[in-house]
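# A look at the structure
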Amino acid sequence: MPLKLSDANVSSFDNVFEKFRSESPNHKANFILFLADKDPSTSLSWCPDCVRAEPVIYKTLEASPDDIALLQAYVGDRPTWSNPQHPWRVDSRFKLTGVPTLIRWENDTIKGRLEDHEAHIENKINTLVSAD
(Lines give C-alpha, C1' and ligand atoms only; values in the text may rest on other atoms or scores of the structure.)
Protein backbone atom coordinates (compact mmCIF):
# COMPACT_ATOMS: atom_id res chain seq x y z
CA MET A 1 0.00 0.00 0.00
CA PRO A 2 1.23 3.51 -0.55
CA LEU A 3 2.58 5.63 2.23
CA LYS A 4 0.25 8.59 2.87
CA LEU A 5 2.35 11.65 3.66
CA SER A 6 1.30 14.88 5.35
CA ASP A 7 3.58 17.81 6.15
CA ALA A 8 3.34 20.31 8.97
CA ASN A 9 5.42 22.96 10.63
CA VAL A 10 4.92 24.55 14.03
CA SER A 11 2.36 27.07 12.77
CA SER A 12 0.30 24.58 10.71
CA PHE A 13 0.63 21.60 13.04
CA ASP A 14 -2.64 21.85 14.98
CA ASN A 15 -4.81 21.83 11.85
CA VAL A 16 -2.79 19.12 10.08
CA PHE A 17 -2.64 17.02 13.25
CA GLU A 18 -6.43 17.17 13.70
CA LYS A 19 -6.91 15.86 10.16
CA PHE A 20 -4.24 13.18 10.77
CA ARG A 21 -6.02 12.11 13.98
CA SER A 22 -9.44 12.02 12.32
CA GLU A 23 -8.12 9.83 9.48
CA SER A 24 -6.03 7.53 11.70
CA PRO A 25 -8.67 4.76 11.93
CA ASN A 26 -8.40 4.39 8.14
CA HIS A 27 -4.77 3.22 8.36
CA LYS A 28 -3.15 0.12 9.78
CA ALA A 29 -0.44 2.30 11.36
CA ASN A 30 0.07 6.02 11.92
CA PHE A 31 3.42 7.71 12.52
CA ILE A 32 4.64 11.19 13.29
CA LEU A 33 8.21 12.00 12.30
CA PHE A 34 9.57 15.10 13.97
CA LEU A 35 12.51 16.32 11.95
CA ALA A 36 14.63 19.36 11.25
CA ASP A 37 13.95 21.78 8.43
CA LYS A 38 16.04 21.64 5.28
CA ASP A 39 18.82 24.20 4.92
CA PRO A 40 17.85 26.25 1.83
CA SER A 41 21.49 26.55 0.74
CA THR A 42 22.08 22.77 0.66
CA SER A 43 18.58 21.24 0.44
CA LEU A 44 19.68 18.96 3.27
CA SER A 45 18.53 18.97 6.85
CA TRP A 46 20.70 21.00 9.23
CA CYS A 47 20.52 17.97 11.55
CA PRO A 48 23.05 15.20 10.80
CA ASP A 49 20.95 12.60 12.65
CA CYS A 50 17.98 13.46 10.40
CA VAL A 51 20.12 13.13 7.28
CA ARG A 52 21.19 9.67 8.47
CA ALA A 53 17.76 8.47 9.63
CA GLU A 54 15.33 9.81 7.04
CA PRO A 55 16.27 7.47 4.15
CA VAL A 56 16.09 4.42 6.43
CA ILE A 57 12.74 5.47 7.90
CA TYR A 58 11.17 6.17 4.49
CA LYS A 59 12.54 2.97 2.96
CA THR A 60 11.22 0.88 5.85
CA LEU A 61 7.77 2.48 5.91
CA GLU A 62 7.42 2.31 2.12
CA ALA A 63 8.35 -1.39 2.16
CA SER A 64 5.52 -2.25 4.53
CA PRO A 65 2.54 -4.01 2.93
CA ASP A 66 0.27 -2.13 5.33
CA ASP A 67 -1.54 1.13 4.75
CA ILE A 68 0.56 3.65 6.70
CA ALA A 69 0.12 7.37 7.32
CA LEU A 70 3.13 9.53 8.11
CA LEU A 71 2.91 13.08 9.39
CA GLN A 72 6.23 14.86 8.82
CA ALA A 73 6.46 17.59 11.44
CA TYR A 74 9.26 20.07 10.79
CA VAL A 75 10.63 21.64 14.00
CA GLY A 76 12.18 24.66 12.29
CA ASP A 77 15.72 25.89 11.85
CA ARG A 78 18.45 25.23 14.41
CA PRO A 79 17.85 28.41 16.49
CA THR A 80 14.10 27.74 16.60
CA TRP A 81 14.61 24.14 17.71
CA SER A 82 17.30 25.13 20.24
CA ASN A 83 14.80 27.21 22.20
CA PRO A 84 13.93 25.26 25.39
CA GLN A 85 10.38 26.62 25.07
CA HIS A 86 9.89 25.17 21.57
CA PRO A 87 6.21 24.14 21.42
CA TRP A 88 6.94 20.44 20.86
CA ARG A 89 9.54 20.33 23.64
CA VAL A 90 6.96 21.51 26.17
CA ASP A 91 3.88 19.79 24.67
CA SER A 92 2.85 17.10 27.16
CA ARG A 93 1.78 14.82 24.29
CA PHE A 94 5.21 14.67 22.69
CA LYS A 95 7.91 15.95 25.10
CA LEU A 96 10.50 16.04 22.34
CA THR A 97 14.13 16.13 23.34
CA GLY A 98 15.75 15.58 19.96
CA VAL A 99 15.25 15.13 16.25
CA PRO A 100 14.55 12.96 14.47
CA THR A 101 11.90 11.36 16.65
CA LEU A 102 9.60 8.77 15.10
CA ILE A 103 6.36 8.19 17.01
CA ARG A 104 3.75 5.52 16.46
CA TRP A 105 0.40 7.17 17.15
CA GLU A 106 -2.47 4.87 18.05
CA ASN A 107 -5.80 5.42 19.83
CA ASP A 108 -4.92 9.07 20.31
CA THR A 109 -1.72 8.35 22.20
CA ILE A 110 1.91 7.38 21.68
CA LYS A 111 2.24 3.63 21.28
CA GLY A 112 6.00 3.67 20.70
CA ARG A 113 8.84 6.00 19.79
CA LEU A 114 12.37 6.07 18.49
CA GLU A 115 14.52 8.98 19.60
CA ASP A 116 17.30 10.72 17.69
CA HIS A 117 20.04 8.26 18.73
CA GLU A 118 18.12 5.20 17.45
CA ALA A 119 15.78 6.46 14.72
CA HIS A 120 18.18 5.29 11.98
CA ILE A 121 18.30 1.62 13.09
CA GLU A 122 16.28 -0.41 10.61
CA ASN A 123 15.39 -3.31 12.89
CA LYS A 124 14.08 -0.89 15.54
CA ILE A 125 11.97 0.86 12.90
CA ASN A 126 10.64 -2.52 11.75
CA THR A 127 9.74 -3.42 15.34
CA LEU A 128 7.87 -0.14 15.73
CA VAL A 129 6.03 -0.68 12.41
CA SER A 130 5.00 -4.23 13.25
CA ALA A 131 3.94 -3.52 16.86
CA ASP A 132 0.37 -4.58 17.63
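Small disclaimer: the values here were computed from a predicted structure and weren't measured. Within every chain, residues take consecutive numbers counted from 1 along the sequence as written. Local features are withheld for residues below a pLDDT of 70 in this predicted model, meaning they are given only at 70 or higher, and side-chain atom pairs are given and counted only at 80 or more; totals for whole chains, interfaces and linings count all residues. To get the side-chain values, take all heavy atoms of the structure and skip hydrogens and water.

## A few points about the overall build of the protein chain
The number of helices and strands found in the protein chain is five helices and seven strands. In the protein chain, the succession of α and β elements from N to C terminus is β-α-β-β-β-α-β-α-α-β-β-α. Based on C-alpha atoms, the radius of gyration is set beside the globule rule, defined as 2.2 Å times the residue count to the power 0.38. Against the compact-globule benchmark of 14 Å for 132 residues, the protein chain has a radius of gyration of 14 Å, which places it among compact chains. Overall, the protein chain is about 35 × 25 × 20 Å in size when its C-alpha atoms are taken along their principal axes. Working definition: with a 1.4 Å probe on protein chains only, accessible area under 20% of the residue-type maximum means buried, over 50% means exposed, and in between means partly exposed. Burial analysis of the protein chain (132 residues in total) assigns 45% to the buried set. If you take every contact in the protein chain between residues at least 6 apart in sequence, the share linking residues at least 24 apart comes to 63%. If the 15 positive side-chain charges of the protein chain are averaged to one point and the 20 negative ones to another, these points end up 3 Å apart. For helices the rule is a DSSP run of H or I covering at least 4 residues; for strands it is a run of E covering at least 2, with both sets numbered from the N terminus onward. Residues count as neighbours in contact if any of their non-hydrogen atoms are within 4.5 Å of one another. When charges are counted, neither His nor the chain ends are considered; positive counts come from Lys and Arg and negative counts from Asp and Glu. For this purpose, a charge sits on NZ of Lys, CZ of Arg, CG of Asp or CD of Glu.

## Quick look at the nonpolar core
Nonpolar core, defined: a set of buried Ala, Val, Leu, Ile, Met, Phe, Trp, Tyr and Cys residues in which side-chain atoms within 4.5 Å join the residues together. Grouped together as the largest cluster of nonpolar side chains are 40 residues, with contacts concentrated most on Phe13, Phe31, Ile32, Phe34, Phe94, Val99 and Leu102. Elements with a minimum of two residues in this core: β1 (3–9), α1 (13–23), β2 (29–35), α2 (48–63), β5 (68–74), β6 (101–106) and α5 (122–130).

## Some details on the pairing of strand β7 (residues 109–114)
Strands pair, by our definition, only if DSSP identifies at least two bridges between them. Pairing geometry for β6 and β7, over five bridges, is antiparallel. The residue bridging Trp105 from the neighbouring strand is Ile110, located in β7.

## A closer look at the pairing of β2
For β2, a buried count of seven out of seven residues is recorded, marking the element as mostly surrounded by other parts of the structure. Here β2 shows no split at all, with Ala29, Phe31, Leu33 and Leu35 on one side and Asn30, Ile32 and Phe34 on the other all buried. Sheet topology places β2 next to β5; seven bridges connect them, and they run parallel. Directly across from Leu35, in β5, lies its bridge partner Tyr74. Both β2 and β6 contribute to a ladder of four bridges, which runs antiparallel. Paired with Ile32 across the two strands is Ile103, which belongs to β6.

## Quick notes on the packing of aromatic side chains
Only the six-membered ring of Trp is used, alongside the rings of Phe and Tyr, when aromatic pairs are assigned; centres must lie within 6.5 Å, and planes under 30 degrees apart are stacked while those over 60 apart are edge-to-face, with the rest tilted. In this structure the tally under the stated criterion is ten aromatic pairs. When the ring of Phe17 is compared with that of Phe20, the centres are 6.2 Å apart and the planes differ by 20 degrees; the resulting orientation is stacked. You can see Phe17 and its partner Phe20 sitting in helix α1, three residues apart, about one turn around the helix. With respect to class, Phe17 is no different from Phe20; both count as buried.

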